[in-house]
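Working through the structure, step by step
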Amino acid sequence: MEGLEEYYDFDNILRRMLDKVPNNIDKREGSIIYDALAPCASELAQMYIVLKDNIDLVFVDTAVDEYLDRLCSQIGIERKQATKAIRKASFYDEENALIDIQTGERFTLDDLSYVVTEKISTGVYMCECETAGTEGNKQSGNLIPISYIQGLGKAILEDVLIPRRK
């Protein structure tokens, strides 16, 4: 027997429906019986997709969002929300010397934004990703300031100081 995914797809549902029609009736594509059964087979296939998705919501390993929260609460567990990554960044002037900047300055790297939160040492700061989750852990490289910063030559996002989870 084929896998359940294939068993409940449109073509197999329609084939099984047409197999139940007597052979003395025209079952070719475009025939009345084919045209009557095809929309039903399509709706049944869609229903099986929705049913499979709903079944996935009742198991912890496949549940998402509020359904995962509800499953966890049944056994007294509260799911922790995603947190923001804390990264190290270094800031340099045009002569490649470390320089201090103001906390609160914002920078971008690709689609993520980082805010300078705390000074570690001259020209080296903690930056918090403004997006919660693991995305802030992944990339390193040249930061682009959102606002102009006098004397800034380059800014580099470096080590992950506090990795974050989903």
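You'll find the structure just up there.
Rules and cut-offs
Here the residue index of a chain counts from 1 through its sequence in written order. Owing to the predicted nature of the model, reporting of local features is limited to residues with pLDDT of at least 70; listing and counting of side-chain atom pairs is limited to 80 or more, with chain, interface and lining totals taken over all residues. The side-chain values count all of the structure's non-hydrogen atoms but skip hydrogen atoms and water molecules. Within this document, salt bridges are pairs made up of a side-chain nitrogen of Lys or Arg and a carboxyl oxygen of Asp or Glu, the two lying within 4 Å of each other. Helical segments are the DSSP runs of H or I of at least four residues, strand segments are the runs of E of at least two, and each set is numbered from the N terminus. The rule is simple: take the accessible area with a 1.4 Å probe, protein chains only, and divide by the maximum for that residue type; under 20% is buried, over 50% is exposed, in between is partly exposed. Here a polar contact is taken to be a pair of N or O atoms separated by no more than 3.5 Å, where protein atoms must pair a possible hydrogen donor with a possible acceptor and residues adjacent in sequence count only if both atoms sit in side chains. By definition, residues are in contact when any of their heavy atoms lie within 4.5 Å. Buried Ala, Val, Leu, Ile, Met, Phe, Trp, Tyr and Cys residues form a nonpolar core when they are joined through side-chain atoms within 4.5 Å.

1. Notes on the pattern of salt bridges
Where side chains of opposite charge bring their charged atoms close, a pairing between them can arise. Here the structure, examined in full by the defined rule, presents nine salt bridges. For the salt bridge of K88 with E158, the shortest nitrogen-to-oxygen distance reads 3.7 Å. Taken as a pair, K88 in strand β1 (residues 84-92) and E158 in strand β6 (residues 154-162) lie far apart in primary sequence, 70 residues in all. The salt bridge involving K119 is made with D100; its shortest N-O contact spans 2.9 Å. Pair noted here: K119 is in strand β3 (residues 112-121) and D100 is in the loop between β1 and β2 (106-109), with a separation of 19 residues, a long-range link. On the basis of relative accessible area, D100 is assigned to the partly exposed category, the value being 40%. Connected via shared salt-bridge partners are K88, E158 and D159.

2. Observations concerning the side chain of S90
Inspection of the secondary structure assignment puts S90 in strand β1. In this structure S90 comes out as buried when scored by relative accessible area, which is 4%. Of note is the side chain of S90, whose polar atom sits 2.9 Å from the side chain of E158. Apart from residues lying up to four places away in sequence, S90 is in contact with L98, G123, V124, K154, A155, I156 and E158.

3. Digging into the nonpolar core
With 18 residues, the main nonpolar core has F91, I101, F107, Y114, V116 and L143 as its most contacted residues. Of all the secondary-structure elements, those providing two or more residues to this core are β1, β2, β3, β4 (124-132) and β6. In this structure, I13, L18, L37 and A38 belong to the second largest nonpolar core, which totals nine residues.

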